[in-house]
Amino acid sequence: MAEKGSTGISTRSQISDYMTMDYNNLTAEALGGQGLSSGDLAEMKKALAAAYKDFEAKRRQGLLPFTELPSNSEIPKKCRKLADLLRKNIETVVVLGIGGSALGANAVFNALRPINHNALPPAKRQWPRLFIADNIDPEGFGVILDSLDPSKTFFNVISKSGATAETMSQFMVIHDMLQRSLGRTAIKDHLLITTDPQGGVLRKLVEANDYQSMEVPPGVGGRFTIFSAVGLAPLAMVGVSVYELLAGAKKAQQDFASPVLSNKALLFAGLNWLQTTVKGLETLVLMPYAEALSKVAEWFLQLWNESLGKALHLDGSPAGTGQTAIKAVGVTDQHSQLQMYMEGPLNKTVCFLGVEKFRSDVSIPKVFTEHDELSYLGGKTLGELLTFERLGTARALAENQRPNFTLTIPKVSAGAVGYILQTLMLATVISGTLYGVNPLDQPGVELSKKFTYGLMGRNGFSDMADRYHKGLSKKNKYVVK
Ligand code: PA5
């Protein structure tokens, strides 16, 4: 049923319990020549059917274990149990992790806990504060450390490889801090290590010291781990309903069996693929119109960019394909980036992320009624204004032949967030098949790591330090002082 706000105008289309997708503004009917034709859509349907078949074959061979995570009941149970134990004595949880080991929990935490969760008094908050330290900036990390009482802090170190310099350096700092302030034997009560079940130095340390540990499931790359202990443990520790989150993800996984044209994960992949390959638009802007979903956009940026930006096709031929994802937030970026989207280079597709109903709303009082410039606002709510700004922006872009589409959830809930995340992970893997690249690796980030190892003096990497300095001397003439 359509819901009407105080304006009497429906802001609601046919919304499913979890998420609806409206891609009218990508089609020729809305955009004329700039839109996708029925021929394009027919091509897409064929390509998606083939990609889905390929996906299912891989899934059946056990090559896509992230698809099984929403149905796993052991991991959430274990996470809840630990969370309930910690809740009594722990004031603050700190996650040490980066990339896929941090962004998922950050996205869900920001979506589902109040914006001021960490600032609330303990009695009101009822769960520990959460800091996700995904940057080694010494000032930022220093401030977090300074704000902690080690005896009331629990650290969750998350690294699949156990080799990530950023996470491991943070781990070394907090390990030393715990040892100095609480003594060696107490470390165990303040530390959870989430890492590969077998390999890596973190697993060795777990075994040698009998630290508490959980597993990053084998075969699941960091950016696909949100529904494993990587995401669920810290989220359970701050009171997020991990079961509800997983129920949404499970529903998305079930919906992935739908026919192509009613399958949101397939359509998300297929439509964006057409935008790049047929229309030549190489940027995807994800623009949530709900502050709570802003970090979901950040999580997506890593998922999409790290999975699809590849130099080589699966057969080894040059690729250099992909669609660069960037983030904007409504309404803030209407007053910042929108001008470029409306009138700048026609190289973007905008995906709006909207909510039908805000979990709380603020009424705008009927004051200054004598001023036409203000009186139309009185009696409405900020939620209505935000929704109408989203609708107006989508329409304005379409009238300018700027393609856009919208994903709408009924409201920000654990189920809906779980649904969005699983849908987007499925879409990412399907996109890999459409572009003919491997969405599960990230070879492009290795070279910069090797330079860092060389510069930091790691054994075996002195050649990288030499290579760096050699390159540098040639470029000095272009340094301006
Ligand atoms: O998605 C990925 O695989 C990466 O972003 C990793 O999560 C990130 O590099 C951190 O790696 P690790 O968990 O091994 O420390």
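Throughout, residues of each chain are indexed from 1 in the direction in which the sequence is written. Whole-chain, interface and lining totals are the exception, using all residues; otherwise, since this is a predicted model, local features are given only for residues with pLDDT of at least 70 and side-chain atom pairs are given and counted only at 80 or more. In computing side-chain values, all of the structure's heavy atoms are included and hydrogens and water are not.

Engineer: I keep staring at the overall build of the chain and nothing clicks. Help me out?
Structural biologist: In this text, helices come from DSSP runs of H or I with a minimum length of four residues, and strands from runs of E with a minimum of two, each type numbered from the N-terminal end. When helices and strands are tallied, the chain shows 18 helices and 10 strands. By the compact-globule yardstick of 23 Å for 481 residues, the chain fits well, its C-alpha radius of gyration being 24 Å. Projected onto its principal axes, the C-alpha positions of the chain cover 65 × 60 × 60 Å. Burial here depends on accessible area, computed with a 1.4 Å probe over protein chains only, as a share of the maximum for the residue type. Under 20% is buried, over 50% is exposed, and the range in between is partly exposed. Taking all 481 residues of the chain together, the buried fraction comes to 50%. Sequence separation of at least 24 residues holds for 75% of the intrachain contacts in the chain that already meet a minimum separation of 6. Method for areas: the Shrake-Rupley scheme with a 1.4 Å probe, in which residue coverage is limited to the protein chains shown. Accessible surface computed for the chain: about 22800 Å², of which carbon and sulfur atoms make up 54%. As used throughout, the charge tally considers Lys and Arg to be positive and Asp and Glu to be negative, leaving His and the chain termini uncounted. By convention, charge coordinates are those of NZ in Lys, CZ in Arg, CG in Asp, or CD in Glu. When the 51 positive and 45 negative side-chain charges of the chain are each reduced to one mean point, those points stand 4 Å apart. Our radius of gyration looks at C-alpha atoms and nothing else; its globule reference is 2.2 Å times the residue count to the power 0.38. In this analysis, two residues are considered to be in contact whenever any of their non-hydrogen atoms come within 4.5 Å of each other.

Engineer: Would you mind showing me how to read the pairing of strand 6 (residues 212-215) here?
Structural biologist: Consecutive residues of a regular strand have side chains that alternate between opposite faces of the sheet. Strands are labelled as partners when DSSP assigns at least two bridges between them. Pairing geometry for strand 5 (residues 191-195) and strand 6, over 4 bridges, is parallel. Its bridge partner lying in strand 6, Leu192 is registered against Gln212.

Engineer: Any chance you could explain the nonpolar core here in plain terms?
Structural biologist: Where a protein is soluble and globular, its nonpolar side chains tend to be buried together. In this structure, Phe66, Phe268, Leu293 and Phe300 are the most contacted members of the largest nonpolar core, which totals 101 residues. A total of 14 residues in this core trace back to one element, the largest contributor, which is helix 16 (residues 414-435). Throughout, the edges of the domains are those of an automatic or database domain assignment. When residues are assigned to domains, this core turns out to be shared by domain 1 (20-45 + 249-435) and domain 2 (66-240), each giving three or more. When residues no more than four places from it in sequence are discounted, the contact partners of Phe268 are Met21, Leu284, Phe300, Trp304, Cys351, Phe405, Leu407, Leu424 and Ala427. For the purposes of this section, nonpolar cores are sets of buried Ala, Val, Leu, Ile, Met, Phe, Trp, Tyr and Cys residues that join through side-chain atoms within 4.5 Å. Membership of the second largest hydrophobic core comes to 21 residues, among which are Phe171, Ile174, Ile193 and Leu202.

Engineer: Can you help me understand the domain arrangement of the chain in this one?
Structural biologist: Where interface size is given, it is often the accessible area lost as the parts come together that is meant. Here the chain is described as being made up of domain 1 (20-45 + 249-435) and domain 2 (66-240). In this assembly, 27 residues from domain 1 lie in contact with 19 residues from domain 2. The contact between domain 1 and domain 2 buries some 1900 Å² in all, and 70% of this surface belongs to carbon and sulfur atoms. On the domain 1 side of the contact with domain 2, Lys295, Gln302 and Met425 bury the most area, a combined 26% of that side's loss. Salt bridge, as used here: a side-chain nitrogen of Lys or Arg that lies within 4 Å of a carboxyl oxygen of Asp or Glu. Taken together, the connections running from domain 1 to domain 2 amount to 1 salt bridge. Two residues, Glu306 and Arg223, come together in a salt bridge whose shortest N-O distance is 3.1 Å. Buried area is understood as the total, over both parts, of accessible area removed when two parts are fitted together, assessed with a 1.4 Å probe.

Engineer: What's the story with the environment of Ser375 in this structure? I'm lost.
Structural biologist: Structurally, the position occupied by Ser375 is in helix 14 (residues 372-375). A C-alpha to C-alpha distance of 9.5 Å links Ser375 and Pro365, two positions 10 residues apart in sequence. Not counting residues up to four positions away in its chain, the partners in contact with Ser375 are Phe368 and Thr369.

Engineer: I'm lost on the packing of helix 3 (residues 74-87) against helix 9 (residues 229-237) in this one. Help?
Structural biologist: Two measures define how a pair of helices packs: the angle their axes make with one another and the distance between the axes. As a rule, the C-alpha atoms of each element are fitted with a line to give its axis, helices using only the stretch in contact, and angles between N-to-C directions run from 0 to 180 degrees. Across the interface, helix 3 lies against helix 9 with an axial gap of 8 Å and an inter-helix angle of 30 degrees. Here helix 3 and helix 9 pass one another in a crossing that is right-handed. Taken together, the residues of helix 9 that come into contact with helix 3 (itself represented by Ile75, Pro76, Cys79, Arg80, Leu82, Ala83 and Leu86) are Ala229, Leu232, Ala233, Ala236 and Met237. Each residue gets one of three labels, nonpolar for Ala, Val, Leu, Ile, Met, Phe, Trp, Tyr, Cys and Pro, charged for Asp, Glu, Lys and Arg, and polar for the others, Gly among them. Class assignment of the residues belonging to the contact of helix 3 with helix 9 gives a composition of 11 nonpolar, no polar and 1 charged. In a left-handed crossing the near helix is turned counterclockwise from the far helix by less than a right angle, and in a right-handed crossing that turn is clockwise.

Engineer: Could you clarify how one ought to interpret the pattern of salt bridges in this entry?
Structural biologist: Side-chain pairs of opposite charge can arise whenever the charged atoms involved come near each other. Under the defined criterion, the tally for this structure stands at 15 salt bridges. Two residues, Arg80 and Asp84, come together in a salt bridge whose shortest N-O distance is 3.3 Å. Placement of the pair is Arg80 and Asp84 together in helix 3, with a separation of 4 residues, close to one helical turn. Judged by relative accessible area, Arg80 falls into the partly exposed class, the value being 26%. Note on Asp84: relative accessible area 34%, which makes it partly exposed. A salt bridge links Asp441 to Lys310, with the shortest nitrogen-to-oxygen separation between them at 2.9 Å. Taken together, the positions of Asp441 in the loop between helix 16 and helix 17 (446-455) and Lys310 in the loop between helix 12 (294-308) and strand 8 (324-327) put the pair 131 residues apart, joining distant regions of the chain. On the accessibility criterion, Asp441 (28% relative accessible area) is partly exposed. By sharing partners, the salt bridges in this structure join Glu56, Arg59 and Glu68 into a single network.

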